[in-house]
Amino acid sequence: MRHSKLIPEVNAGSMADIAFLLLIFFLVTATIPKDKGINRMLPKECPPGIDCNADIHNRNILRIIINNNDEIMVDDKLVSVNDLKEITKTFLDNNGDKSCNYCSGISSENSSDNPIKAVVSLQTGKQTSYKQFIEVQDELTKAYYELRKTYSLNILKKTIDNLSKSDLKKVKEAYPFILSEAVTK
């Protein structure tokens, strides 16, 4: 009697099940980091026939600087992040421009000529923390949101949630979010 070489068999039928269960286990228990960031669209290219390099009057620029110590300065005055939204709203919703039919009509030295001409200049130091940068960006976004919301209620007589695409375009044209960002040395 001759013995053939018998190779013991391993039952591999449940291997796929075990691999699948391990995959599910790691997917469920793994933490996925939540990305933080700012949703911004890059500006469109300058349309032909329009001078996009025109000088901007100093009155129409709100200069915000976050230094390396995370201190916020607006026009060379220290301010808190909590005051930034109201400062920005006051600057944007100027209304020294009499042709601005949706503005509040209150003229101020701290305001731009018109919300359409207003530019917010944000400069940060190389050591500025990302957290402070995001907080400032959030306050600027809130200022624009509140102004647009007021415009849609007062002029369009609609809540901001019920705007059509053409209404939303009008609101964004009335209060365009023009932000210039730079890093200082």
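Our structure is the block above this text.
Report follows, based on the coordinates. (Residues numbered from 1 in each chain as written. Predicted model: local features only at pLDDT ≥ 70, side-chain atom pairs only at ≥ 80, totals over all residues. Heavy atoms only, no water.)

### A closer look at the overall build of the protein
Point 1. A count of helical and extended segments in the protein gives 4 helices and 5 strands.
Point 2. Reading the protein from its N end, one meets helices and strands in the order α-β-β-β-α-β-α-α-β.
Point 3. In the protein, which comprises 185 residues, the proportion classed as buried is 30%.
Point 4. Total accessible area computed for the protein in this model is approximately 13,900 Å², and 56% of it derives from carbon and sulfur atoms. (Helix = DSSP H or I, 4+ residues; strand = E, 2+ residues; numbered from the N terminus. Buried < 20%, exposed > 50% of the residue type's maximum accessible area, 1.4 Å probe, protein only. Areas by Shrake-Rupley, 256 points an atom, 1.4 Å probe, with all protein chains shown as cover.)

### What to know about the pattern of salt bridges
Point 1. Scanning all chains against the criterion turns up 6 salt bridges.
Point 2. The shortest N-O distance in the salt bridge between Lys-89 and Glu-86 comes to 3.8 Å. In this pair, Lys-89 and Glu-86 are both assigned in helix H2 (residues 84-92), 3 residues apart and thus about one turn of the helix distant.
Point 3. Judged by relative accessible area, which is 18%, Lys-89 ranks as buried.
Point 4. Judged by its relative accessible area of 42%, Glu-86 falls in the partly exposed class.
Point 5. Each of Lys-85, Glu-86, Lys-89 and Glu-146 takes part in one network of salt bridges that share partners. (Salt bridge = Lys/Arg side-chain N within 4 Å of Asp/Glu carboxyl O.)

### Regarding the sheet that holds strand S2 (residues 72-74)
Point 1. Spatial strand order, S3-S2-S1-S4-S5: 5 strands in an open sheet with mixed pairing. Strand pairing shows two members of the sheet lacking a second neighbour, strand S3 (77-79) and strand S5 (179-183), which therefore form its edges. Mean inter-strand twist for the sheet, computed between neighbouring axes without regard to direction, equals 25°.
Point 2. Judged from the 6 bridges that link them, strand S1 (residues 61-66) and strand S4 (residues 119-124) form a sheet pairing that is parallel. Each residue of the ladder has a partner; that of Arg-63, found in S4, is Ser-121.
Point 3. Against the sheet, H2 engages S1, S2, S3 and S4, with an angle of about 160° to S1. (Pairing = 2+ DSSP bridges. Axes fitted to C-alpha atoms, helices over the stretch in contact; angles between N-to-C directions. Contact = heavy atoms within 4.5 Å.)

### A word on the side chain of Thr-128
Point 1. Of note, Thr-128 is situated in the loop between S4 and helix H3 (130-154).
Point 2. At 3.0 Å, the side chain of Thr-128 and the backbone oxygen of Ile-66 are in polar contact.
Point 3. A polar contact is formed between the side chain of Thr-128 and the backbone oxygen of Asn-67, at a distance of 3.1 Å.
Point 4. Excluding residues within four positions of it along the chain, Thr-128 makes contact with Ile-66, Asn-67, Asn-68 and Asp-70. (Polar contact = N/O pair within 3.5 Å; in protein donor to acceptor, adjacent residues only side chain to side chain.)

### What about the packing of H2 against H3?
Point 1. Close contact between H2 and H3 brings their axes to 8 Å; oriented N to C, the two are set at 45°. Put simply, H2 runs oblique to H3. Handedness of the crossing formed by H2 with H3: right-handed. Residue-level inspection shows Leu-84, Lys-85, Glu-86, Thr-88, Lys-89 and Leu-92 of H2 in contact with H3, the latter providing Val-136, Glu-139, Leu-140, Lys-142, Ala-143, Tyr-144, Glu-146 and Leu-147. (Parallel < 35°, antiparallel > 145°, perpendicular 65-115°, else oblique. Left-handed = near helix turned anticlockwise from the far one by under 90°.)

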